[in-house]
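Residue-level structural notes
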Amino acid sequence: MPFFNYTAKNKTGKTITGKIEGNTSAIAAEQLAKSGLIPIKVTEYKETNDPVLQFSRKYLEPKPTTTDVIMFSRQMNTLIRSGVPIIRSIDGLAESTVNKTLGRALKDIAQSLSSGKDLSQSLALHPKIFSQLYINIMKVGEQSGLLEDAFRQIAHYLDLEKDTKERVKTAFRYPSFVLAAMIGGIGVINVFVIPNFASMFASSNVDLPM
């Protein structure tokens, strides 16, 4: 289903812009009207065709890490607890985040929320950043009215998951080093030692022992 960029006015007369999903521009405008917005302009959204920019975003820009998502979740918990509206919170974090990929994703999420979608639906637009567990916890938080707690819980869970992964990596580091040293030693024996013995046995007309 295609996306459309829109410009609309809300109930207070403020002009807002965003992105909305719909089969046609007319259906997208109708969805905006149902959400209480007055559509002014609706045009089809198209990704940039600049190959250099696409290559840079795909291969050169660092992807959001678990630490980035944990930081976002903790900041959202603090902002919501302080009474800051969720769209304004996400918009602000989109501008301040260091990771550009995460920043663009947060802008898309804020636009999706402005078009009337739930937070869980908006997060689902970026499955490479937000896992299904993350989305499900946000859905429960929305339904129970405890979104602040949902962000706190997911941040705690991701922190534990990150710590567990680091412990596993540390535990495997020494055995990996030993295994690499053994493979290297066997390689040296096969390349340098055994050929010398083979030539010695060959000069004596004796078969090399197994």
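Read on for a plain summary of the structure. (Residues numbered from 1 in each chain as written. Predicted model: local features only at pLDDT ≥ 70, side-chain atom pairs only at ≥ 80, totals over all residues. Heavy atoms only, no water.)

1. Remarks on the overall build of the protein
Defined as follows: For the purposes of this entry, the term helix denotes a DSSP run of H or I that reaches at least four residues, the term strand denotes a run of E that reaches at least two, and both are numbered from the N terminus. Only C-alpha atoms enter the radius of gyration; for comparison, a globular chain is expected to reach 2.2 Å times N to the power 0.38, where N is the number of residues. Exposure classes here rest on a 1.4 Å probe applied to the protein chains alone. A residue is buried below 20% of its type maximum, exposed above 50%, and partly exposed in between. Any two residues having at least one pair of non-hydrogen atoms within 4.5 Å are treated as being in contact. In short, Shrake-Rupley with a 1.4 Å probe defines the accessible areas, and a residue's cover is counted only from the protein chains shown. The charged-residue count follows a simple rule in which Lys and Arg add positive charge and Asp and Glu add negative charge, with His and chain termini not counted at all. One atom stands in for each charge, and that atom is NZ of Lys, CZ of Arg, CG of Asp or CD of Glu.
Scanning the protein from terminus to terminus reveals 8 helices and 3 strands. Ordered by position from the N terminus, the helices and strands of the protein form the series β-β-α-β-α-α-α-α-α-α-α. At 28 Å, the protein has a C-alpha radius of gyration far larger than the 17 Å of a compact globule built from 210 residues. Looking at the 210 residues of the protein, the share that counts as buried comes to 25%. Considering only residue pairs separated by 6 or more positions, the protein has 50% of its internal contacts joining residues 24 or more positions apart. Total accessible area on the protein stands at roughly 14,000 Å², and carbon and sulfur atoms take up 60% of it. Within the protein, one finds 25 positive and 19 negative side-chain charges whose respective centroids are separated by 4 Å.

2. Some remarks on the nonpolar core
So the rule is basically this: Definition of nonpolar core: a set of buried residues of the types Ala, Val, Leu, Ile, Met, Phe, Trp, Tyr and Cys, connected through side-chain atoms within 4.5 Å.
If you look at the biggest cluster of nonpolar residues, it comprises 26 residues, and the most contacted ones within it are L106, L119, F130, Y134 and M138. Looking at this core, the elements with two or more residues in it are α3 (66-81), α4 (86-96), α5 (100-114), α6 (119-123), α7 (132-144) and α8 (147-203). No other element matches the 6 residues that α5 contributes to this core. The contact partners of Y134, leaving out residues within four places of it in the chain, are V69, F72, S73, L123, F151, I154 and L158. In terms of nonpolar packing, the next biggest core, distinct from the first, is built from 8 residues, F4, Y6, A28 and L37 among them.

3. Re the sheet that holds strand β1 (residues 3-9)
Here is the rule we go by: At least two DSSP bridges between two strands are needed for those strands to be called paired. Between N-to-C directions, angles span 0 to 180 degrees; the directions come from axes that are lines fitted to C-alpha atoms, helices contributing only their stretch in contact.
An order of β2-β1-β3 is seen for the 3 strands of this open sheet, with the pairing classed as antiparallel. The open sheet has two free edges, formed respectively by β2 (15-21) and β3 (38-44), since each of these has just one partner strand. Adjacent strand axes in the sheet meet at a mean angle of 25°, parallel and antiparallel pairs treated alike. Here β1 pairs with β2 via 7 bridges, running antiparallel. Paired with F3 across the two strands is E21, which belongs to β2. Running at roughly 95° to β2, α5 makes contact with β1 and β2 of the sheet.

4. Observations concerning α4
In plain terms, the rule: By definition, the arc is the one covered by directions from the helix axis to the C-beta atoms.
Of all the residues in α4, the buried ones are S89, I90, L93 and A94. Seen from one end, α4 has its buried residues packed into an arc of 135°, which puts them on one side. Opposite its buried face, α4 presents the exposed residues R88, E95 and S96, each directed more than 90 degrees away.

5. What about the environment of G83?
Along the chain, G83 turns up in the loop between α3 and α4. Judged by its relative accessible area of 59%, G83 falls in the exposed class. Separated by 56 residues in the primary sequence, G83 and K139 place their C-alpha atoms 20 Å from one another.

6. So, the packing of α3 against α4
In plain terms, the rule: Comment on the angle field: the value is read as roughly parallel under 35 degrees, roughly antiparallel over 145, roughly perpendicular from 65 to 115, and oblique elsewhere. Crossing handedness is read from the near helix: turned anticlockwise from the far helix by less than a right angle, it gives a left-handed crossing, and turned clockwise, a right-handed one. Throughout this entry, Asp, Glu, Lys and Arg are counted as charged residues, while Ala, Val, Leu, Ile, Met, Phe, Trp, Tyr, Cys and Pro are counted as nonpolar. The remaining residues, Gly among them, count as polar.
Interaxial distance between α3 and α4 falls to 10 Å at its minimum, and their mutual angle equals 140°. Relative to α4, α3 is oriented oblique. Every pair of crossing elements has a handedness; the one defined by α3 and α4 is right-handed. Contacts from F72, Q75, M76 and L79 in α3 reach I86, S89, I90 and L93 in α4. Tallied by class, residues from the contact of α3 with α4 come to 6 nonpolar, 2 polar and no charged.

7. Focus: the packing of aromatic side chains
What counts is decided by this rule: Working definition: rings of Phe, Tyr and Trp (its six-membered ring) pair if their centres are within 6.5 Å, and the pair is stacked with planes under 30 degrees apart, edge-to-face with planes over 60 apart, and tilted otherwise.
Summed over all chains, the structure comprises 3 aromatic pairs. Pairing F72 with F151 gives two aromatic rings, centres 6.0 Å apart and planes at 85°, and the pair type is edge-to-face. Of this pair, F72 sits in helix α3 while F151 sits in helix α8, and the two are 79 residues apart along the sequence. An identical accessibility class is assigned to F72 and F151; each is buried. Judged by centre distance (5.0 Å) and plane angle (55°), the ring pair of F130 and Y134 falls under tilted.

8. As for the environment of R74
Following the sequence through the fold, R74 ends up in helix α3. As a C-alpha pair, R74 and K63 span 11 residues in sequence and 19 Å in three-dimensional space. Not counting chain neighbours up to four residues away, the residues in contact with R74 comprise A155 and D159.

Note that all results are geometric; they support no functional claim without further evidence.
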